[in-house]
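# Architecture and fold: a report
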Amino acid sequence: MLTSGHRPARRAERPTIAIVGAGASGTLTTVQLLRCASQRGFPIRAVLIDRRPEIGGVAYSTNDPRHRLNVASEGMSALPDEPEHFLRWRRAGAAGPGKYAPRGEYRHYLEDMLATAQRDGAPDATHTRMTADVARLDLANHRVRLQFRGGDGLEADAAVLAVGNLPAQPPPGCEAVVGHPAYVNDPWAPGALERLQTDARGTVLLIGTGLTMVDVAITLASRIPHARLRAASRSGLLPRAHLGGAQPHPVAELLDPARSLPELVDVIVSRSVAGSPGWQQLVDELRPRTQALWKLLTTEERAEFLATRHRAWCVRRHRMPPQVAAMLAELLESERLMVRGGSVELSAAGRHGLAASISGAPPRDIALAVNCTGPGLDPQTSHDPLVAQILRDGYVRRHPLGIGFDTAPHGAFYTRDDGVSEHLFTLGPPRMGELYESTAVPEIRDQAQDLAATLLDALAGARPSRGAAGSPGGHTARGQRPVRV
């Protein structure tokens, strides 16, 4: 399926940039390419490709109005230079009530952003939407060749792999039941929750206790009214809630700029555990500084942070909207949902059921198990064929920490032989290893703007000599800014 960007090109030949993935990362990159190219009077063709026909990706695919953004509307602008853009868009349209918008509403916002960037842009700056599954990527003669599953393909001058979060991986102890009809590995796969039986009785086990679990629990509580919901994770920690109403001013000296990221997180966690007021504001104050503080840590210090502080930080950094927290509290108080800490092991028990053991306890029958541990982090363990292929062929490499890919500034991939790719770029969650804070709209919108400018700078410049012989499509030396496409 092919949908046009509405305006015919004036030139037969224009540079083409393929954006693989039409979630927030890919859509905002396309928006910024159109805006930046129009401002410069530079002809460009952006091709936005996704296996789904709609934009927005997994994060904003839900139509359940109870699934809310976990950031208030004033913090969700898609444009770095217009911080209240989303808030104004909601006020101008038929937006639903509430400070925390439904996630599906944000998909409509992204759709409108893309349509507006095309409508208001220059005639030679256009985008094309393609519904296709990219099965393979190759580099040859300074061109990117994309092969689609089922045939056809596309050649481009550069490609942005805006793949977002990696697909969910089975939690340890659950591998034996993958494929079982009572086990759902990815609740956000198209139709996954809709296929669950509404007359199911018995225990439904939710593996993981983060924001994914919260959304799934709220949905299942309405779809399966007789089911007992149980959630388990190694930590047993639940996300904290955003404050409602007036917010106290935090003690500024607690965010001493001389302290390291681990030290500051320890201060915030300690205040939270003690019930001291103001820790939520400290989280919000620390967030804009997280990337810079992360870069100051050694690889060993980063690994230690991930092992000892990451989970405690996440439940305070990624908080629930007040209305979602109220729904969760109701489920907990009524004991429709119970939460505990411990490792989970699943085994098949009969044709339609499973047995679950938590922390070595005797197995108990469950009617359904749902993996709510969230997206995968390590590309080396991903079952995505495209990710496996570009890793195998050396076009990219995993980050040494095992979270995301190894990337240079401006989002270029490092290649297997320590070069910087001249043709392949990324943004958002794939850059977690380099930036840590790289999964939310405020960071993605900045990266999209920077990446669009980087790509247009490269396309506008003269093309120097090709990369070294034998390199995967040519690259610059590590540490240099990639400027050749």
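Residues numbered from 1 in each chain as written. Predicted model: local features only at pLDDT ≥ 70, side-chain atom pairs only at ≥ 80, totals over all residues. Heavy atoms only, no water.

## Some thoughts on unusual backbone geometry
One non-glycine residue with positive phi stands out, namely Glu-335, at about 65°. Tracing the backbone shows Glu-335 in the loop between α10 (322-333) and β12 (337-341). For Glu-335, a relative accessible area of 53% corresponds to the exposed category. Here Asp-418, not a glycine, exhibits a phi torsion of approximately 75°, which is positive. Considering the arrangement of structural elements, one finds Asp-418 in the loop between β17 (412-414) and β18 (419-425). (Helix = DSSP H or I, 4+ residues; strand = E, 2+ residues; numbered from the N terminus. Buried < 20%, exposed > 50% of the residue type's maximum accessible area, 1.4 Å probe, protein only.)

## Quick notes on the sheet that holds strand β5 (residues 134-140)
Pairing within the open sheet is antiparallel, and its 3 strands lie in the order β5-β6-β7. Of all the strands in the sheet, just β5 and β7 (153-156) have a single pairing partner and so form its edges. Taking the axes of each pair of neighbouring strands and ignoring which way they run, one obtains an average angle of 15° across the sheet. Bridge count between β5 and strand β6 (residues 143-148): 6 bridges; the pairing is antiparallel. For Leu-139, the partnering residue across the bridge sits in β6 and is Val-144. (Pairing = 2+ DSSP bridges. Axes fitted to C-alpha atoms, helices over the stretch in contact; angles between N-to-C directions.)

## Re the nonpolar core
With 47 residues, the main nonpolar core has Tyr-106 and Val-160 as its most contacted residues. Listed by contribution, the elements that provide at least two residues to this core are β2 (16-20), α1 (24-40), β3 (44-50), α3 (103-120), β8 (158-161), β17, β18 and α13 (441-460). The element that contributes the greatest number of residues to this core is α13, accounting for 8 residues. Beyond its immediate sequence surroundings of up to four residues, Val-160 is in contact with Ile-17, Ala-18, Ile-19, Val-20, Thr-29, Phe-425, Thr-426, Leu-427, Leu-451 and Leu-455. Counting 27 residues, the second largest nonpolar core, distinct from the first, contains Leu-206, Leu-220, Leu-328 and Val-370. (Core = buried A, V, L, I, M, F, W, Y, C linked by side-chain atoms within 4.5 Å. Contact = heavy atoms within 4.5 Å.)

## A closer look at α13
In an α-helix there are 3.6 residues to a turn, and that puts residues three or four apart on one side. With 20 residues, α13 ought to run about 28 Å at 1.5 Å a step, and its terminal C-alpha atoms sit 28 Å apart, in line with that. The buried count for α13 comes to 14 of 20 residues, which makes it a mostly enclosed element. (Expected span 1.5 Å × (residues − 1).)

## Structural notes on the side chain of Ser-233
Tracing the sequence through the fold places Ser-233 in strand β11 (residues 227-233). The class for Ser-233 is buried, based on a relative accessible area of 12%. Ignoring anything within four residues of it in the chain, the contact list for Ser-233 reads Gly-208, Thr-209, Arg-340, Gly-341 and Gly-342.

## Points about the environment of Ser-222
Topologically, Ser-222 is positioned in helix α4 (residues 211-223). Polar contacts involving the side chain of Ser-222 include one to the side chain of Arg-66, which spans 3.1 Å. (Polar contact = N/O pair within 3.5 Å; in protein donor to acceptor, adjacent residues only side chain to side chain.)

## Observations regarding α4
Taking 1.5 Å of rise per residue, 13 residues should cover 18 Å, and α4 covers 19 Å from first to last C-alpha, within 8% of that figure. Counting buried positions over the 13 residues of α4 gives 10, a clear majority of the element. Buried residues of α4: Thr-212, Met-213, Val-214, Asp-215, Val-216, Ala-217, Ile-218, Thr-219, Leu-220 and Ala-221, and no others. Buried residues along α4 sit against α3, β10 (202-207), β11, α10, β12 and β16 (368-371).

## Considerations on the packing of aromatic side chains
A full pass over the atoms with the stated rule returns 10 aromatic pairs. Measuring from ring centre to ring centre gives 5.5 Å for Phe-405 and Phe-413, while their planes differ by 85°; the resulting arrangement is edge-to-face. Residues Phe-405 and Phe-413 agree in their burial class; the two are buried. One aromatic cluster is present, formed by Tyr-60, Phe-86, Trp-89, Tyr-106 and Tyr-109 through successive ring pairs. The lysine or arginine in question, Arg-103, covers the ring of Trp-188, its NZ or CZ lying 5.5 Å from the ring centre. (Phe/Tyr/Trp six-rings, centres within 6.5 Å; stacked < 30°, edge-to-face > 60°. Lys NZ or Arg CZ within 6 Å of the ring centre and 35° of its normal.)

## Some thoughts on the pairing of β7
The side-chain alternation of β7 yields one buried face, formed by Leu-154 and Ala-156, and one unburied face, formed by Gly-153 and Glu-155. Across 4 bridges, β6 lies against β7 in antiparallel orientation. Its bridge partner lying in β7, Gln-147 is registered against Gly-153. The hairpin formed by β6 and β7 contains 4 residues between the paired strands, and Gly-150 there has a positive phi angle of roughly 90°.

## Concerning the side chain of Thr-290
As for its placement among the helices and strands, Thr-290 is situated in helix α7 (residues 290-295). Each residue touching Thr-290, except ones within four places of it in the same chain, is listed here: Leu-261, Trp-313, Tyr-436 and Glu-437.

## A closer look at the pattern of salt bridges
Pairing is possible between side chains that carry opposite charge, provided their charged atoms lie close to one another. In the structure shown here, the tally under the stated rule is 26 salt bridges. Residue Arg-309 is joined to Glu-304 by a salt bridge in which the shortest nitrogen-to-oxygen separation is 2.9 Å. The exposure class assigned to Arg-309 is buried, which follows from its relative accessible area of 16%. Linked through salt bridges whose partners overlap, the residues forming this network are Arg-51, Asp-133, Arg-149 and Asp-384. (Salt bridge = Lys/Arg side-chain N within 4 Å of Asp/Glu carboxyl O.)

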